[in-house]
Each structure stands twice: as structure tokens, then as C-alpha cells.
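# Structural overview
So you can see what is in the structure, the chains are spelled out below.
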Amino acid sequence: MSRTSTALQPPADAVRPVRHPDAPAPGELLGTHYGQCFGCGGDQPHGLHLGARAGEGVSLTAEFTVQPAHQGAPGLAHGGVLTSALDETLGSLNWLLRTIAVTGRLETDFVRPVPVGTTLYLEAEVTAVAGRKIYSTATGRVGGPDGPVGVRADALFIEVKVDHFVDHGRQEEIQAAMNDPDQIRRARAFEVNP
């Protein structure tokens, strides 16, 4: 196994993360932040449809089932799909901080093959915050919450303003999200790493 790079080690002045008082309660399903999101969106026919639940502190659990459209080698999940599942899970943590953030760096370790048809159980937590930098870690277990580790990742998220998405996203989708009459869906579209 590789060791986490120094870029993913919190600095000495980093602080413990603090769950936002308006964050979803432990056990609450976070739901999709944007219907077209490959990771959690229900409008993506070949997406992960990853479901995440708030945990204690600044942690969560999530799961997704590897479908035939997610395979790389015959019968096995594609490494990029597994990395996407980790990225989506880690990005969802930002909802517990109520911080808009994007992935700055993500390092993934592939521990064992993950077969098609398997449910991957993910656990993630924010480990530290330093200014705009949010440090987090995740583990994916094969077949059950106590199953063998299949993948793990460490990540650095960077807090951004909503203008980041407005300035860089495709205008049709940005406008559609901003014009959504459902205020919660409108806000959630820009809340976590899309």
C-alpha cells in the first residue's frame, strides 16, 4: 500500500472539523444534490446512484452496487468508477460542514478487486480543516459494512464560492439549476462537489 502524500497531510495548525448545526441528523439520508450528478443523481441511467447517510460528527456512510455498465475488466468494477464512488462519498461530507467545496486532490488505493453485482459499503470522515482546506478519508468495503477493504482514499477539498460553478459550468445547466423553483434543490445543486 502506498502512503498518503505530504499534500494530504494536514498542517500543524489544522483544527478538528465541526459539524454545522443545520447539518442533517445522524442516520438521515442526504439524497441527491443534483439530478445529473454521475455519483448520486437519479437522472443518470449509468450513474452510481450512490446513497449517503449522515453519521456522527463529520462522518457518513454510503453504498452503491456495481452494475455491468461500471465494469473495466470482465466482471470487475472499473478503477475509475471506484474512484468516482470515493470522490462522491468524500464530497458529500461537505454537506455536513455546510461548505461549498471541490476536490483539490484525491489519492486512491485499490486493495482488492470489486466484482460486478457487489455492493460497496463506504465510510468517510473529515479529519481536519485548515483555512479553505478540508482533509478527509474514506474506506470502501466489499459485500458488507464488515467486509474486506476493497478501496480507500484520502482527499483534500478546497472551499469555493458558488461563483466557481457559475463561472466554469455549462450555462444551460447552471441556469436550469438556478431557475429551479424548489429552493432546497436549487441550493443543494451547488452545495457539494459536483
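Residues numbered from 1 in each chain as written. Predicted model: local features only at pLDDT ≥ 70, side-chain atom pairs only at ≥ 80, totals over all residues. Heavy atoms only, no water.

Named according to an unreviewed UniProt entry, the protein chain is Acyl-coenzyme A thioesterase THEM4 originating from Streptomyces caelestis.

### As for the nonpolar core
Leu-50, Phe-64, Leu-90 and Leu-120 are the most contacted members of the largest nonpolar core, which totals 35 residues. If near-sequence neighbours (up to four positions away) are discounted, Leu-120 is found in contact with Ala-62, Glu-63, Phe-64, Leu-82, Val-114, Gly-140, Arg-141, Val-142 and Val-151. (Core = buried A, V, L, I, M, F, W, Y, C linked by side-chain atoms within 4.5 Å. Buried < 20%, exposed > 50% of the residue type's maximum accessible area, 1.4 Å probe, protein only. Contact = heavy atoms within 4.5 Å.)

### Some words on the pattern of salt bridges
When the charged atoms of two side chains with opposite charge come close together, those side chains can pair. The full count for this structure, using the stated rule, is one salt bridge. Linking Arg-105 and Glu-107 is a salt bridge whose minimum nitrogen-to-oxygen distance equals 3.1 Å. For Arg-105, a relative accessible area of 38% gives the class partly exposed. (Salt bridge = Lys/Arg side-chain N within 4 Å of Asp/Glu carboxyl O.)

### Section: the pairing of strand β4 (residues 119-130)
In terms of strand pairing, strand β2 (residues 59-65) meets β4 through seven bridges, oriented antiparallel. Each bridged residue has a counterpart across the sheet, and for Ala-62 the counterpart in β4 is Leu-122. Sheet topology places β4 next to strand β5 (residues 133-142); 10 bridges connect them, and they run antiparallel. Bridged to Tyr-121 within β5 is Arg-141. (Pairing = 2+ DSSP bridges. Helix = DSSP H or I, 4+ residues; strand = E, 2+ residues; numbered from the N terminus.)

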